[in-house]
Amino acid sequence: MTADSYYGRPIVNEPVWKPEVAFYLFTGGIAGGSAVLHGLAKLAGNERLARSTLWIGAAAEAVCPPLLISDLGRPERFLNMLRVFKVTSPMSVGSWILIVSSGASTTAAALERLRLLGPLQALTEGVWFLSGPPLATYTGALLANTAIPVWSEARDELPWIFGASATACAGAAAAIATPTWCAGPARRAAIGGVVAELGLVHAMEKKLGFVGEVYEQGEAGEYAKVSKALGIAGAVLLAARGRRSRAAAAAGGALILGSSLALRWSVFRAGFQSARDPKYTVIPQKKRAAIRRAESHPASAPD
Amino acid sequence: MSSYGAEAKPRMGFFTDTSVCIGCKACEVACKEWNLLPADGLEWTGHSYDNTGELSANSWRHVAFIEQDKPLRIDGDFATADGTMAVDALEGGGAAPMRWLMESDVCKHCTHAGCLDVCPTGSLFRTEFGTVVVQEDICNGCGYCVPACPFGVIDRRELPRKPEDAPLALPLLGSKEDGRVWKCTLCYDRLKGGHEPACAKACPTHSIQFGEVDELRERAEQRLAKLEAQNWNGPRLYGHDADDGVGGFGAFFLLLDEPEVYGLPPDPVVPTQHLPRLWKTTALAAAVMFAGIAAAFAGGAE
Ligand code: SF4
């Protein structure tokens, strides 16, 4: 499809975010998923799994602020994010979720290390537990709440995709770090996450129609393929041999982690590609306007 | 603007009437001079007389040039309904129809501004004149507003360093600027002093008209009616409608062709229009993620 344009120049701006932001989408996902795994493992009395998810989650979350600071350029700028709370800005809401969640996970990890078990530990772990899922899914809203066609048109899918992917990679990381006899929930979360993610990505691409063709082109297309292949291989390996062999569990987990990272990179780059070609902005908007016109003046509808 | 109470002023804006633009770029120059905008290179684009290219952190007015094989008016020899070239007229020996569209683009100062909505620090704010302005001492450089503007207006400033900046350390330094974003302020400083914005002041043809938005809208309707009566080819108002996806522009336009021909989006919508639903989706996805992981515990520890 082609559309009129001004010398083929883009209409909307490409994002100016550095690659750090894509890595943050990934580490934030691991942390968010680990928070839930950790809380539930505690409740289920699976101490071994609880411990490994705590270390994984705290570590993944500890690198989130540095990644964002590196994108912003100066450390104090991260604190400036906490000047206000604005629900119209997913970045503002997300900064607060991250500060609460990472504060809770690092405190919980420190208390665990110092063996200071007690009400304070229960409290920090509870806060972490509850802030995990929003941390994993708000990033979908962050991207969808822009004028980038391939992100904004996927507003019904992106939060789900990031939630599923977070489940997959947190499960995968825990399956690597936990002995097989107590890693069952992690393996099942990883496999279920991959299956859900594949289905949701497929649904998104179908719904996006021609706007979604950037997922078949360029870098976004390559990484989308890599993500699918690694995800399927990892899930199959985990399902087939993950229960008996620690080595297989580790390999399957690593494949799924790679898949999840590739997915973030694919979605991230798709936004840039989508902004670059004005037809993705023009054609859907013209269609939308024509439908609106036809609805308000049925007689003058174009055929 | 209601939140300003007694200090509120009538909403001010631009009506840019492209039918009288002569492409002199006085607006671009006046804007650069008044706002002390840095030069961003001299480059020949080959796109008619446009060597500015686009609105950016350093160009807050941008004159677009479009050369077309279309008649300026649809009457006489060129009376085709769709405004394309009338072949008969050519065969009859008449001159080939052509027109040269020029349009001075600018920030739209949206009623519902995506940039302002998504700004996480409150740096972007609505002034007492109803305009949208960045407070540069608060801007954090997060860049969220950049892809949130449906028009691609606001942008991060990046300037390469020159040897005279720091002769020895040059290779170690990144770009000169610190990633903050810049765009048209509708000359907030001049407005405060009771002056009109620099571009409107400099425009020799009154293509750029500054005033109260309500009054400008009426003026635009009259101008449109006049051009239609004179059989101009394709006149239309763009951004004057308070019911559009951004609630109407504070700086709107009279165009002579489809918006996309000028590099403008045909049906812009502020991203946050969908945000209430998006938050619900996000919360639901979080809840289901929670439930999904809980289900993974059903099979026991192994
Ligand atoms: S045109 Fe873009 S930069 Fe200007 S107010 Fe609207 S959203 Fe903000």
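This text goes with the structure placed above it.
I will try to describe carefully the structure that is included in this document. (Residues numbered from 1 in each chain as written. Chains lettered and ligands numbered in written order. Predicted model: local features only at pLDDT ≥ 70, side-chain atom pairs only at ≥ 80, totals over all residues. Heavy atoms only, no water.)

1. As for the overall build of chain B
Then step 1. When helices and strands are tallied, chain B shows 8 helices and 10 strands.
Then step 2. A burial count over chain B gives 55% of its 302 residues as buried.
Then step 3. With the model as given, the accessible surface of chain B reaches about 13200 Å², and the carbon-plus-sulfur share is 55%. (Helix = DSSP H or I, 4+ residues; strand = E, 2+ residues; numbered from the N terminus. Buried < 20%, exposed > 50% of the residue type's maximum accessible area, 1.4 Å probe, protein only. Areas by Shrake-Rupley, 256 points an atom, 1.4 Å probe, with all protein chains shown as cover.)

2. A closer look at the overall build of chain A
Then step 1. Along chain A, the regular secondary structure elements total 12 helices and 0 strands.
Then step 2. Mapped in sequence order, the helices and strands of chain A form the string α-α-α-α-α-α-α-α-α-α-α-α.
Then step 3. Computed over C-alpha atoms, the radius of gyration of chain A comes to 21 Å, within 12% of the 19 Å expected from 2.2 N^0.38 for 303 residues, which places it in the range of a compact globule.
Then step 4. Principal-axis analysis of the C-alpha atoms gives chain A an extent of 70 × 50 × 35 Å.
Then step 5. Buried positions account for 58% of the 303 residues belonging to chain A.
Then step 6. In the form shown here, chain A has an accessible surface area of approximately 11700 Å², with 65% of it arising from carbon and sulfur atoms. (Rg over C-alpha atoms; globule rule 2.2 N^0.38 Å.)

3. A short note on the site of the ligand
Then step 1. Taken together, the neighbourhood of the ligand is formed by 14 residues, with C107(B), C110(B), C115(B), C149(B) and K183(B) sitting nearest.
Then step 2. Of the residues belonging to the shell around the ligand, the class tally is 10 nonpolar, 2 polar and 2 charged. (Near = heavy atom within 4 Å. Nonpolar A, V, L, I, M, F, W, Y, C, P; charged D, E, K, R; others polar.)

4. Re the nonpolar core
Then step 1. In this structure, W17(A), V150(A), F14(B) and L124(B) are the most contacted members of the largest nonpolar core, which totals 156 residues.
Then step 2. Three or more residues apiece are contributed to this core by two domains, here domain 1 (2-269) and domain 2 (274-302) of chain B. (Core = buried A, V, L, I, M, F, W, Y, C linked by side-chain atoms within 4.5 Å. Domains from an automatic or database assignment.)

5. Overview of the side chain of T272(B)
Then step 1. Looking at the secondary structure, you find T272(B) in the loop between β10 (251-255) and α8 (275-296).
Then step 2. Judged by relative accessible area, T272(B) falls into the buried class, the value being 11%.
Then step 3. One polar contact links T272(B) to D117(B), side chain to side chain, over a distance of 2.5 Å.
Then step 4. If sequence neighbours within four positions are ignored, T272(B) has contacts with T88(A), N145(A) and D117(B). (Polar contact = N/O pair within 3.5 Å; in protein donor to acceptor, adjacent residues only side chain to side chain. Contact = heavy atoms within 4.5 Å.)

6. Structural notes on helix α12 (residues 279-296) of chain A
Residue and element names in this part refer to chain A.
Then step 1. The terminal C-alpha atoms of α12 lie 26 Å apart, and with 18 residues this matches the ideal 26 Å at 1.5 Å per residue to within 8%.
Then step 2. Residues of α12 that are buried include every one of K279, Y280, T281, V282, I283, P284, Q285 and A289, and no others.
Then step 3. Contact partners of the buried residues in α12: α7 (149-152) and α11 (246-276). (Expected span 1.5 Å × (residues − 1).)

7. Considering unusual backbone geometry
Residue and element names in this part refer to chain B.
Then step 1. The backbone phi angle of L186 is positive, close to 50 degrees, even though this residue is not glycine.
Then step 2. One can find L186 in the loop between β7 (181-182) and α5 (188-192).
Then step 3. One non-glycine residue, N231, lies in the positive phi region at around 60 degrees.
Then step 4. By the element assignment, N231 lies in the loop between α7 (213-229) and β9 (236-238).

8. Thoughts on the packing of aromatic side chains
Then step 1. Applying the stated criterion across every chain, the model contains 18 aromatic pairs over all chains.
Then step 2. Measuring from ring centre to ring centre gives 5.1 Å for F151(B) and F249(B), while their planes differ by 80 degrees; the resulting arrangement is edge-to-face. One end of the pair, F151(B), is in the loop between α4 (145-148) and β6 (155-156); the other, F249(B), is in the loop between β9 and β10, and 98 residues separate them in sequence.
Then step 3. Judged by its relative accessible area of 6%, F151(B) is buried.
Then step 4. For F249(B), a relative accessible area of 1% puts it in the buried group.
Then step 5. Members of the aromatic cluster, joined through ring pairs, are F23(A), W265(A), F268(A) and F272(A). (Phe/Tyr/Trp six-rings, centres within 6.5 Å; stacked < 30°, edge-to-face > 60°.)

9. Re a positive patch on the surface
All names here are of chain A.
Then step 1. Taken together, R48, R51, R113, R115 and R246 make up a surface patch of like positive charges.
Then step 2. Looking at the element boundaries, R246 is found in helix α11.
Then step 3. Its relative accessible area of 39% is what places R246 among the partly exposed residues. (Patch = residues over 30% accessible without salt bridge, like charges linked within 9 Å, V, L, I, M, F, W, Y side chains within 5 Å. Salt bridge = Lys/Arg side-chain N within 4 Å of Asp/Glu carboxyl O. Lys, Arg positive; Asp, Glu negative; His and termini not counted. Charge placed at Lys NZ, Arg CZ, Asp CG, Glu CD.)

10. Observations concerning helix α6 (residues 119-144) of chain A
Then step 1. The end-to-end C-alpha distance of α6(A) is 39 Å, a good match for the 38 Å that 26 residues give at a rise of 1.5 Å each.
Then step 2. Of all bends in α6(A), the biggest is about 35 degrees, found at S131(A), and the proline P133(A) comes one to four residues later. (Bend = angle between axes of the 7 residues up to and from the residue.)

11. Concerning the packing of helix α9 (residues 184-208) of chain A against helix α10 (residues 218-241) of chain A
All names here are of chain A.
Then step 1. Taken N-terminus to C-terminus, the directions of α9 and α10 make an angle of 150 degrees; their axes are 9 Å apart at the nearest point. Regarding the angle of α9 to α10, the classification is roughly antiparallel. Crossing of α9 over α10 shows left-handed handedness. Residues R187, A190, I191, V194, E197, L198, V201 and E205 of α9 form the contact with α10, whose own contacting residues are S227, K228, G231, I232, A235, L238 and A239. (Axes fitted to C-alpha atoms, helices over the stretch in contact; angles between N-to-C directions. Parallel < 35°, antiparallel > 145°, perpendicular 65-115°, else oblique. Left-handed = near helix turned anticlockwise from the far one by under 90°.)

12. As for the pairing of strand β1 (residues 12-17) of chain B
Residue and element names in this part refer to chain B.
Then step 1. Judged by how many residues are buried, β1 sits mostly within the fold: 6 of 6 residues are covered.
Then step 2. Covered by surrounding structure in β1 are M12, F14 and T16 together with G13, F15 and D17, the residues of both alternating faces.
Then step 3. The sheet contact formed by β1 and strand β8 (residues 208-212) spans 5 bridges and is antiparallel. Among the inter-strand pairings, G13 is bridged to a residue of β8, identified as G211.
Then step 4. Here β1 runs beside β10; their pairing, made up of 4 bridges, is parallel. What sits directly across from F15, in β10, is F252. (Pairing = 2+ DSSP bridges.)

13. Quick look at the sheet that holds β8(B)
Residues and elements named next belong to chain B.
Then step 1. Taken together, 4 strands build an open sheet; the order of strands is β8-β1-β10-β9 and the sheet is mixed. If you trace the sheet from one side to the other, it starts and ends with β8 and β9, each paired once. Averaged over all adjacent pairs, the angle separating strand axes in this sheet is 20 degrees, with direction ignored.
Then step 2. Taken together, the 3 bridges between β9 and β10 define a ladder with antiparallel strand orientation. Residue pairing across strands places L237 opposite L254, the latter belonging to β10.
Then step 3. Contacts between α7 and the sheet are confined to β1, β8, β9 and β10, with β8 contributing the most and set at about 135 degrees to the helix.

14. Considerations on the pattern of salt bridges
Then step 1. Under the criterion given, the structure shown has 22 salt bridges over all chains.
Then step 2. In this structure, K279(A) engages D277(A) in a salt bridge whose closest nitrogen and oxygen atoms are separated by 4.0 Å.
Then step 3. Residue K279(A) is classed as buried on the basis of its relative accessible area of 17%.
Then step 4. Connected via shared salt-bridge partners are D156(A), E157(A), K207(A) and R277(B).

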